[in-house]
Amino acid sequence: MHLTLRQLKVFEAVARHLNYTRASQELHLTQPAVSMQVKLLEGSLGAPLFEKLGKRIHLTEAGTEVLGYARFITQ
């Protein structure tokens, strides 16, 4: 498993906003860069962290678990 601090920070921002675009604006990254970091994190963990319902995203059970750790590590 290979996780980076950057991936955790990006994931935390997306989880807080529940929006990739708002997270990308906050982090001064492009939206595709944010999406890629989340995909890499999901690949490392072997589980989806978000699920898409219509146009909105929601944390999965795994995403909720990882969010607690991400907040602890990145603060």
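In this report, the structure presented in the accompanying data block is examined. (Residues numbered from 1 in each chain as written. Predicted model: local features only at pLDDT ≥ 70, side-chain atom pairs only at ≥ 80, totals over all residues. Heavy atoms only, no water.)

**Comments concerning helix α1 (residues 5-17)**
- Taking 1.5 Å of rise per residue, the 13 residues of α1 would be expected to cover 18 Å, and the 19 Å separating its terminal C-alpha atoms lies within 8% of that figure.
- Here α1 has its buried residues at Q7, L8, V10, F11, E12, A13, V14 and A15.
- Contacts from the buried residues of α1 go to α2 (20-27), α3 (31-45), β1 (50-53), β2 (56-59) and α4 (61-74).
- After α1 finishes, the residue L18 shows a positive phi value of roughly 50°. (Helix = DSSP H or I, 4+ residues; strand = E, 2+ residues; numbered from the N terminus. Expected span 1.5 Å × (residues − 1). Buried < 20%, exposed > 50% of the residue type's maximum accessible area, 1.4 Å probe, protein only. Contact = heavy atoms within 4.5 Å.)

**Focus: the packing of aromatic side chains**
- One pass over the full model with this rule turns up two aromatic pairs.
- Measuring from ring centre to ring centre gives 5.5 Å for F11 and F50, while their planes differ by 55°; the resulting arrangement is tilted. With F11 in helix α1 and F50 in strand β1, this residue pair connects regions lying 39 residues apart in the sequence.
- You can call F11 buried: its relative accessible area is 0%.
- What links up through ring pairs into an aromatic cluster is the set F11, Y20 and F50. (Phe/Tyr/Trp six-rings, centres within 6.5 Å; stacked < 30°, edge-to-face > 60°.)

**Examining the nonpolar core**
- In this structure, F11, V14, Y20, V38, L49 and F50 are the most contacted members of the largest nonpolar core, which totals 17 residues.
- Within the residue set of this core, elements represented by two or more residues are α1, α2, α3 and α4.
- With six residues, the top contributor of residues to this core is α1.
- When near neighbours in sequence (up to four residues on either side) are disregarded, V14 contacts N19, Y20, A23, V34, V38, F50 and I57. (Core = buried A, V, L, I, M, F, W, Y, C linked by side-chain atoms within 4.5 Å.)

**A look at the side chain of E12**
- Mapped onto the secondary structure, E12 falls in helix α1.
- Setting aside residues up to four positions removed in sequence, E12 forms contacts with L67 and R71.

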